[in-house]
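These are the residues of each chain, in order.
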Amino acid sequence: MQKIGFIGTGVMGSGIINNLLKANYDVDIYTRTKSKAEPLINEGAKWFSDPKTVAQNTDVIFTMVGFPQDVEDVYFKDNGIFAGLSAGKIIVDMTTSTPTLAKKIGQKAEEIGVESIDAPVSGGDVGARDGKLTIMVGGNKKAFETLKPIFEIIGKTSHYFGSYGAGQHAKMANQIMIAGTMTGLTEMFVYAKAAGLDLQAVLETVEGGGGDNWSLENYGPRILKGDFKPGFYSKHFLKDLRIALDESEKMNLDLPATKQAKKLYETLVDEKGLGNDGTQALIKLW
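Here the structure is a predicted model, which is why all the values come from computation and not from measurement. (Residues numbered from 1 in each chain as written. Predicted model: local features only at pLDDT ≥ 70, side-chain atom pairs only at ≥ 80, totals over all residues. Heavy atoms only, no water.)

> Can you explain the overall build of the chain? Please cite residues and give values.
Within the chain, the secondary structure is distributed over 13 helices and nine strands. Against the compact-globule benchmark of 19 Å for 286 residues, the chain has a radius of gyration of 19 Å, which places it among compact chains. Based on the C-alpha atoms only, the size of the chain along its principal axes is roughly 65 × 45 × 35 Å. Of all 286 residues assigned to the chain, the portion counted as buried reaches 52%. Contacts in the chain between residues at least 24 apart in sequence constitute 65% of all its contacts with a sequence separation of at least 6. When the accessible area of the chain is evaluated, it comes to approximately 12,900 Å², of which 49% is carbon and sulfur surface. One way to put it: in the chain the 32 positive side-chain charges average out to a point 2 Å from where the 35 negative ones average out. (Helix = DSSP H or I, 4+ residues; strand = E, 2+ residues; numbered from the N terminus. Rg over C-alpha atoms; globule rule 2.2 N^0.38 Å. Buried < 20%, exposed > 50% of the residue type's maximum accessible area, 1.4 Å probe, protein only. Contact = heavy atoms within 4.5 Å. Areas by Shrake-Rupley, 256 points an atom, 1.4 Å probe, with all protein chains shown as cover. Lys, Arg positive; Asp, Glu negative; His and termini not counted. Charge placed at Lys NZ, Arg CZ, Asp CG, Glu CD.)

So, in structure tokens, the structure goes:
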């Protein structure tokens, strides 16, 4: 069994790491604040003080951090992953980041004999906890084949899309879809409430018909309970929408519905200061 390194122990990363520990993998971890990793340390993960040391001590290094700049830092800084890598290892960035950065990481990896893949995921905190993520992969195909046993532990499906950055493009397609389901979910409740309908009954009815979708099933109940804890941070979703629209412009595409979703999340995150709430907090705009 490969020894695993994991950089980033947030909502998603923690769920993935727990599943790897349950499968009896040795997992070395790094996060900037050690205290936040204490639950994982108590389960058997070993914490190290920088990404470089994690990379030195492990065979496969996963990263799942917040923003593209965070990815850049953990890979390329003096105490970053590349400083601790040697030939034959595999690096896997599961952060939703830019295709351009995925290509930069992949090209640097090739120079030192390391296999690299970008492997963002979908499924939120529930998918990470239950090992039912959908994994979208670009980069080195041999590394993808090697890591399938690990992906089967943390996900329900994994799909290979092509060279460096293809996984990130697939994730952008996913986020464009989610933009529509989140705005639809929100406006469904707004309309039903204004019409005086029983919201729980509306939720159950739509779930049983053609309007059913993942966002409805997972975030609809949370909205009705007033639960806005992040299964996925609003600030991270806004980041994703900005990446998707930036990439769309490069391909001469106009995506008006996604642009509108971005505007709504900009109001939520930038104007209302609710970026640390879950994406379901969009309902707060009403």
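After presenting the structure, the write-up continues.
> Tell me about the packing of helix α9 (residues 166-194) against helix α13 (residues 256-271), and name the residues and values.
At a minimum axis distance of 9 Å, the contact between α9 and α13 shows a crossing angle of 65°. The hand of the α9/α13 crossing is left-handed. Of α13, the residues touching α9 (which contributes Ile 176, Ala 179, Met 182 and Thr 183) are Thr 258, Ala 261, Leu 264 and Tyr 265. Here the contact of α9 with α13 is built from residues that sort into six nonpolar, two polar and no charged. (Axes fitted to C-alpha atoms, helices over the stretch in contact; angles between N-to-C directions. Left-handed = near helix turned anticlockwise from the far one by under 90°. Nonpolar A, V, L, I, M, F, W, Y, C, P; charged D, E, K, R; others polar.)

> Give a description of the UniProt feature "domain: 3-hydroxyisobutyrate dehydrogenase-like NAD-binding" (unreviewed entry) in the chain that names residues and reports values.
UniProt marks residues 165-285 with the feature "domain: 3-hydroxyisobutyrate dehydrogenase-like NAD-binding" (unreviewed entry), using the numbering shown here. As annotated, residues 165-285 has a helix share of 69% and a strand share of 0%, and its two end C-alpha atoms lie 34 Å apart. (UniProt positions renumbered as here; feature names shortened; annotations may be inferred.)

> Talk me through the domain arrangement of the chain; I want residue IDs and the actual numbers.
Here the chain is described as being made up of domain 1 (4-163) and domain 2 (170-285). Between the C-alpha centres of domain 1 and domain 2 there is a distance of 27 Å. On the side of domain 2, 17 residues touch domain 1, which itself brings 19 residues to the contact. For the pairing of domain 1 and domain 2, the buried interface totals around 1,400 Å² over both sides, and the portion due to carbon and sulfur atoms is 63%. (Domains from an automatic or database assignment. Buried area = accessible area lost by both parts, 1.4 Å probe.)

> So, the side chain of Thr 95: which residues are in play, and what are the values?
Mapped onto the fold, Thr 95 is located in the loop between β5 (90-93) and α6 (99-111). Reaching out from Thr 95, the side chain makes a polar contact with the backbone nitrogen of Val 65 at a distance of 3.0 Å. The contacts of Thr 95, once residues within four sequence positions are left out, are Thr 63, Met 64, Val 65, Gly 66, Val 71, Pro 120 and Gln 168. (Polar contact = N/O pair within 3.5 Å; in protein donor to acceptor, adjacent residues only side chain to side chain.)

> Please set out the packing of aromatic side chains residue by residue, giving values where relevant.
Under the defined criterion, the tally for this structure stands at eight aromatic pairs. Among the aromatic residues, those joined into a ring-pair cluster are Tyr 75, Phe 76 and Phe 82. (Phe/Tyr/Trp six-rings, centres within 6.5 Å; stacked < 30°, edge-to-face > 60°.)

> An account of the packing of α9 against helix α12 (residues 234-250) is requested, with residue identities and associated values reported.
Angle between the axes and distance between the axes are the two parameters that describe a pair of packed helices. One way to put it is that α9 packs onto α12 with a least axis distance of 9 Å and a crossing angle of 115°. Classified by the angle between their axes, α9 and α12 sit roughly perpendicular to one another. As for the relative orientation of α9 and α12, their crossing is left-handed in sense. Facing α9, whose interface residues are His 169, Met 172, Gln 175, Ile 176, Ile 178 and Ala 179, α12 presents Phe 237, Asp 240, Leu 241, Ile 243, Ala 244 and Glu 247. (Parallel < 35°, antiparallel > 145°, perpendicular 65-115°, else oblique.)

> Describe empty space enclosed by the protein, naming the residues involved and giving the relevant values.
By the definition in use, this model includes one cavity of 30 Å³ or more. Estimated volume of the largest cavity: approximately 50 Å³. Around the largest cavity, the lining residues are Tyr 75, Ile 91, Asp 93, Ala 102, Ile 105, Ser 116, Ile 117, Asp 118 and Tyr 164. Breaking the lining of the largest cavity down by element, the ones donating at least two residues are β5, α6 and β6 (115-118). For the lining of the largest cavity, the element with the most residues is β6, which contributes three residues. When its residues are assigned to classes, the lining of the largest cavity shows six nonpolar, one polar and two charged. (1 Å grid on protein atoms, 1.4 Å probe; cavity = no way out; pocket = protein on both sides within 12 Å on 5 of 7 lines; lining within 4 Å. Points joined across faces, edges and corners; volume = space filled by probe spheres on them.)

> Outline the pattern of salt bridges, supporting the account with residue identities and numerical values.
With the rule as written, the count across this model stands at 15 salt bridges. Among the salt bridges present, the one from Arg 222 reaches Asp 125, with a minimum N-O distance of 3.1 Å. Of this pair, Arg 222 sits in helix α11 (residues 214-225) while Asp 125 is found in helix α7 (residues 124-130), placing the two residues 97 residues apart along the sequence. Note that Lys 284 and Asp 277 form a salt bridge whose closest N and O atoms lie 2.6 Å from each other. By relative accessible area, which is 16% here, Asp 277 ends up buried. Here the salt bridges do not stand alone but share partners, grouping Arg 242, Lys 262, Glu 266 and Asp 270 into one network. (Salt bridge = Lys/Arg side-chain N within 4 Å of Asp/Glu carboxyl O.)

> Describe in detail the layout of surface pockets, supporting the description with residues and values.
In this model, the second largest pocket occupies a volume close to 160 Å³. Together, Phe 189, Val 190, Lys 193, Leu 199, Ile 223, Leu 224, Ile 283 and Trp 286 line the second largest pocket. Counting only elements with at least two residues in the lining of the second largest pocket, the list comes to α9 and α11. Among the residues forming the lining of the second largest pocket, the class breakdown is seven nonpolar, no polar and one charged.

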